[in-house]
Amino acid sequence: QVQLVESGGGLVQSGGSLRLSCAASGRAVSTYVMGWFRQAPGKDREFVAAIGRSGYMIDSANSVKGRFTISRDNAKNTVYLQMNSLKPEDTAVYSCAASGLLRPFTASQYNYWGQGTQVTVSS
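These remarks concern the structure in this document.

How each quantity is defined
- Residues numbered from 1 in each chain as written.
- Predicted model: local features only at pLDDT ≥ 70, side-chain atom pairs only at ≥ 80, totals over all residues.
- Heavy atoms only, no water.
- Core = buried A, V, L, I, M, F, W, Y, C linked by side-chain atoms within 4.5 Å.
- Buried < 20%, exposed > 50% of the residue type's maximum accessible area, 1.4 Å probe, protein only.
- Helix = DSSP H or I, 4+ residues; strand = E, 2+ residues; numbered from the N terminus.
- Contact = heavy atoms within 4.5 Å.
- Phe/Tyr/Trp six-rings, centres within 6.5 Å; stacked < 30°, edge-to-face > 60°.
- Disulfide = S-S within 2.5 Å.
- Pairing = 2+ DSSP bridges.
- Axes fitted to C-alpha atoms, helices over the stretch in contact; angles between N-to-C directions.

### Quick word on the nonpolar core
- Grouped together as the largest cluster of nonpolar side chains are 29 residues, with contacts concentrated most on M34, W36, L81, M83 and Y94.
- Mapped onto this core, the elements with two or more residues apiece are β3 (18–25), β4 (33–39), β5 (46–51), β7 (68–73), β8 (78–83), β9 (92–99) and β11 (117–122).
- Each residue touching M34, except ones within four places of it in the same chain, is listed here: L4, C22, V29, A49, A50, I51, I70, V79, A97, A98 and Y110.

Shown next as structure tokens:
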């Protein structure tokens, strides 16, 4: 079983950048597909990006393509989400998750979740 803890959220101005971290313990992140999700007030949780066991990004939402990058540091057992050119509509609670599947397609296919970190983008 893996435990996940997010950090790095905060308040940032529109157009700015922020890097979120997802620190894992108990199991190696390289043994999972790792994903980032977000949920804004009054809206459903949505997929942001995922990284495969190979260490390469395997998928990302159209709304963040060209702006967000997911990466992994095996030595630190940590997954990151680099967010650039942030927009007010990026405001949400961001959560990381781990899946034992080779190619998960939905949030329900991720087995382990962190508690989330708040990202607020001001205009």
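The structure having been displayed, the exposition proceeds.
### Some details on the packing of aromatic side chains
- Applying the stated criterion across every chain, the model contains five aromatic pairs.
- Between Y32 and Y112, the ring centres sit 6.0 Å apart and the planes meet at 80°, which makes this aromatic pair edge-to-face. Of this pair, Y32 sits in the loop between β3 and β4 while Y112 sits in strand β10 (residues 112–113), placing them 80 residues apart in sequence.
- The class of Y32 is buried, set by a relative accessible area of 7%.
- With 4.9 Å between their ring centres and 50° between their planes, F37 and W113 make a pair best called tilted. Taken together, the residues span a long stretch of sequence, with F37 in strand β4 and W113 in strand β10 at a distance of 76 residues.
- Take F37: its relative accessible area is 3%, and that puts it in the buried class.

### Here we look at the state of the cysteines
- Using the criterion set out here, one finds one disulfide in the structure.
- One disulfide bridge connects C22 with C96, the sulfur atoms lying 2.0 Å from each other. On the sign convention where negative means left-handed, the S-S torsion of about 60° between C22 and C96 marks this disulfide as right-handed. Of this pair, C22 sits in strand β3 while C96 sits in strand β9; the two residues are 74 residues apart in sequence, bridging distant segments of the chain.
- C22 sits in the buried class, given a relative accessible area of 0%.
- For C96, a relative accessible area of 1% translates into the label buried.

### Points about the sheet that holds β7
- With antiparallel pairing, the four strands of this open sheet are ordered in space as β1-β3-β8-β7. In this open sheet, the two strands that pair with only one neighbour each are β1 (3–7) and β7. Neighbour-to-neighbour, the strand axes of the sheet open up by a mean angle of 20°, direction not taken into account.
- Of the strand pairs in this sheet, β7 and β8 are connected by six bridges, and their pairing is antiparallel. The residue of β8 that forms the bridge with T69 is Q82.

### Section: unusual backbone geometry
- The residue N77 is not glycine, and still its phi comes out positive at about 50°.
- With respect to the element layout, N77 can be found in the loop between β7 and β8.
- Phi is positive for S85, which is not a glycine, with a value near 50°.
- Tracing the chain through its elements places S85 in the loop between β8 and β9.

Any functional reading would require information that these geometric values do not contain.
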